[in-house]
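Chains, contacts and geometry: an overview
Each chain is listed here by its residues.
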Amino acid sequence: MNRTTPVIPAEDIQRQKEYCAELRSLNAQRPAPPRAYVDTYGCQQNEADSELIRGMLADMGYEITGTDQGADVIVINTCAIREHAEQRVFGNVGALVHGKRKKPDQVICLCGCMAQEAHVADRLRQSYRHVDLVFGPQQLWRFPEFLRRVLLRRGRVFETAPVDGAIAEGLPVYRSGRLKAWVSIMYGCNNFCSYCIVPYTRGRERSREPEIILKELKELAEQGYKDITLLGQNVNSYGKDLEGGWDFPRLLEEAAGIPGDFLLRFMTSHPKDATEKLFDVMARCEKAAPVIHLPFQSGNTRVLTAMNRRYTREQYLEKVAALRARIPDVVLTSDVIVGFPGETTPEFEDTLSLIEAVRFDALFTFIYSPRKGTPAAEMDDPMSKEEKSANFDRLVAAQNRISLEKHQAYIGTVQRCLIDGLGEDPRHGLTARTAGGRLVHLDGDPSLIGRFADIRITDCSTWALFGELDAEPS
Ligand code: SAH
Ligand code: SF4
Ligand code: F3S
């Protein structure tokens, strides 16, 4: 297939596999298999990347563990989306120095979005000398080569130069779940929302080939995965760099045609590119879960323009109406930023009125965090922290009320849910998810995990539903 995005040649991937084999035979000579720990911050894309890192580590002969204590290799896969996320990483990476003192041959790696920020790489180089390897997300497929370099030469490795990125196929995946799976369909972002670091850390938009994605999905369905999420920073841009007329609705429809009892979700959709064609496919395909995460960021058109979102408040509301006309009970979730530079309280109130008009099922609310190198970080930001916090609290209170009201409407209904795990509360031994992704607590036998079941909803809180089995699970 002709395409504009570079694809890593198969022989380069093969070379990485040879490095894995070389390390595997070195590791096999040790008295016990060495252990590797991967810690993940940030979005599902990072979770999916961590499954590839674990896959490569397992291929190198490492046993994957759930703790950094005594691990031979520690990988911290980082997120740069907000200041707070970065501070947590610096704190936790700093604390690793104690473990390394006790185990000097331990290798500490830092990858993910923070690695791609020049000021972070400088700080790690100078002040975090116990970190051995730093590499950005576009270099992930070269991890075996980098780790081998650290292990065999015992020097520090920094691979953090900015790169647009390519498509690397054929890397081993170590999936953490048996029911839910993430599948990246594209990487990078070209949208450059003025507050956002992602286009700088993840490079340019590029799509995986549909045949490869569909083959992976077919394998997951055959392995019994029940809940599969297609991932991209903006899945609605899928296919722009491919030939053959591919777009996201077509991919979703073909994916929904794969035999098996599973649901398909996707994250994230930029509203400017969410089309009626997509909504039609969602409405038509039973396997497409009736849920969409459609971040609106602000309810005020001036602020949206300053954010470079390229839609107006009215256009957003029209999209929601077009979606609900096709799927009336669609579960709608969103992201919103409070305190964007220059946002006034009356402008913030447009955000409040938008959530009252739309009534989202759930909202991810963030206070604006300046990111070095983005246009918004240079804008005047006169509003005090206190005023931003007060606005934020008003938004959270309004959304909590709406979420509770939305949940109350489920009481008495029967929902087909996937029973997906053990609950933490002894009175409700199991957890489940509705097709729309809402959390349900229920009592039942752990042998039901992995089944779809009809659950009668009996009670709710702001955050979750409570229910009981209505019929024998299928
Ligand atoms: N690609 C996704 C968003 C990824 S980031 C999309 O476009 O929908 C997830 C959310 O973090 C964003 O939707 C936004 O609400 C928030 N966010 C991004 N940058 C931020 C910043 N600098 N400060 C506060 N929140 C931010
Ligand atoms: Fe960031 Fe905007 Fe791209 Fe989402 S679409 S990752 S918010 S630049
Ligand atoms: Fe964070 Fe990078 Fe995802 S900045 S939100 S890990 S794309």
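Above this text is the structure in question.
Residues numbered from 1 in each chain as written. Chains lettered and ligands numbered in written order. Predicted model: local features only at pLDDT ≥ 70, side-chain atom pairs only at ≥ 80, totals over all residues. Heavy atoms only, no water.

1. Side note on unusual backbone geometry
To be explicit about the condition: Helix numbers and strand numbers start at the N terminus; a helix is a DSSP run of H or I with at least 4 residues, a strand a run of E with at least 2. The buried label applies to any residue whose accessible area, calculated with a 1.4 Å probe on protein chains only, is under 20% of its type's maximum; exposed applies above 50%, and partly exposed to all values in between.
The residue after Met267, namely Thr268, is reached through a cis peptide bond having omega -5 degrees. Position of Thr268 among the secondary structure elements: in the loop between strand S11 (263-267) and helix H9 (276-284). Look at Phe192: it is not a glycine, yet its phi comes out positive at around 50 degrees. Of note, Phe192 is situated in the loop between strand S8 (186-187) and helix H6 (198-202). Judged by its relative accessible area of 30%, Phe192 falls in the partly exposed class. Although it is not a glycine, Arg310 sits at a positive phi angle of roughly 65 degrees. Positionally, Arg310 belongs in the loop between helix H10 (301-306) and helix H11 (313-326). The exposure class assigned to Arg310 is partly exposed, which follows from its relative accessible area of 47%.

2. Thoughts on the site of ligand 2
Note the threshold: Near is defined per residue: the residue qualifies when any heavy atom it owns lies within 4 Å of the molecule or strand. Side-chain classes follow a simple rule in which Ala, Val, Leu, Ile, Met, Phe, Trp, Tyr, Cys and Pro form the nonpolar group, Asp, Glu, Lys and Arg form the charged group, and the remainder, Gly included, forms the polar group.
Around ligand 2, the neighbouring residues are Cys189, Asn191, Phe192, Cys193, Tyr195, Cys196, Val198, Pro199, Gln233, His270 and Arg309. Its residues placed into classes, the shell around ligand 2 shows seven nonpolar, three polar and one charged.

3. Let's talk about the side chain of Gln138
For clarity, the cut-off: In protein, a polar contact requires one atom able to donate a hydrogen and another able to accept it; more generally it is a pair of N or O atoms within 3.5 Å, and residues adjacent in sequence count only if both atoms are side-chain atoms. Any two residues whose heavy atoms approach within 4.5 Å are treated as being in contact.
Mapping Gln138 onto the fold places it in the loop between strand S5 (133-135) and helix H5 (143-153). With relative accessibility at 7%, the residue Gln138 sits in the buried group. Side-chain polar atoms of Gln138 contact the backbone oxygen of Thr201, separated by 3.1 Å. Ignoring anything within four residues of it in the chain, the contact list for Gln138 reads Gln116, Val163, Asp164, Gly165, Thr201, Arg202, Gly203 and Arg206.

4. So, empty space enclosed by the protein
Put simply, the rule is: Think of a 1 Å grid over just the protein atoms. A cavity is a set of points where a 1.4 Å probe fits yet cannot get out, a pocket is an open set with protein on both sides within 12 Å along at least five of seven lines, and lining residues have an atom within 4 Å of a point. Grid points are joined across faces, edges and corners, and a volume is the space filled by probe spheres set on the points.
If you walk through the whole model with that rule in mind, you get one cavity of 30 Å³ or more. Empty space within the largest cavity amounts to approximately 30 Å³. If you go around the largest cavity, the residues you meet are Gln16, Lys17, Cys20, Met56, Asp59, Pro144, Leu171 and Pro172. When contributions to the lining of the largest cavity are tallied by element, the ones reaching two or more residues are helix H1 (10-28) and helix H2 (44-59). Looking at the lining of the largest cavity element by element, the count peaks at three residues for H1. When its residues are assigned to classes, the lining of the largest cavity shows five nonpolar, one polar and two charged.

5. Quick notes on the nonpolar core
Cut-off, in case you're wondering: By convention a nonpolar core is built from buried Ala, Val, Leu, Ile, Met, Phe, Trp, Tyr and Cys residues, the set being connected through side-chain atoms within 4.5 Å.
If you look at the biggest cluster of nonpolar residues, it comprises 68 residues, and the most contacted ones within it are Phe248, Leu252 and Ile292. Excluding residues that lie within four positions of it along the chain, Leu252 makes contacts with Leu230, Leu264, Phe266, Leu278, Val281, Met282 and Ala288. In terms of nonpolar packing, the next biggest core, distinct from the first, is built from 28 residues, Ile13, Phe135, Ala168 and Leu171 among them.

6. Some details on the sheet that holds S11
Stated precisely, the cut-off is as follows: In this description, strands pair whenever DSSP reports at least two bridges between them. Lines fitted to the C-alpha atoms define the axes, with helices restricted to the stretch that makes contact. Angles between their N-to-C directions range from 0 to 180 degrees.
Pairing within the open sheet is parallel, and its three strands lie in the order S7-S10-S11. In this open sheet, the two edge strands, each paired with only one partner strand, are strand S7 (180-184) and S11. On average, adjacent strands in this sheet sit at an angle of 25 degrees to one another, irrespective of strand direction. Pairing analysis gives five bridges linking S7 to strand S10 (residues 227-231), with the strands arranged parallel. For Trp182, the partnering residue across the bridge sits in S10 and is Thr229. On top of the sheet, H2 reaches S7, S10 and S11; it is set at about 95 degrees to S7, its chief contact.

7. Comments concerning the packing of aromatic side chains
Put simply, the rule is: Planes of paired rings set the category: under 30 degrees apart is stacked, over 60 is edge-to-face and the rest tilted, where pairs are Phe, Tyr or Trp rings (Trp by its six-membered ring) whose centres lie within 6.5 Å. Charges are assigned to positions over rings by a cutoff of 6 Å between ring centre and Lys NZ or Arg CZ, combined with an angular limit of 35 degrees from the ring normal.
What the rule picks out here adds up to eleven aromatic pairs. Where Phe192 meets Tyr200, the ring centres are 5.4 Å apart and the plane angle is 85 degrees; that geometry is what we call edge-to-face. Their ring planes at 70 degrees and their centres at 5.7 Å tell us that Phe340 and Tyr368 sit as a pair that is edge-to-face. Note that Phe340 is positioned in the loop between strand S13 (331-338) and helix H12 (345-358) and Tyr368 in the loop between strand S14 (362-367) and helix H13 (385-408), a separation of 28 residues in sequence. In terms of burial, Phe340 and Tyr368 fall into one category: buried. What links up through ring pairs into an aromatic cluster is the set Phe296, Tyr311, Tyr316 and Phe360. The ring centre of Phe90 lies 3.6 Å from the NZ or CZ of Arg123, which sits over that ring.

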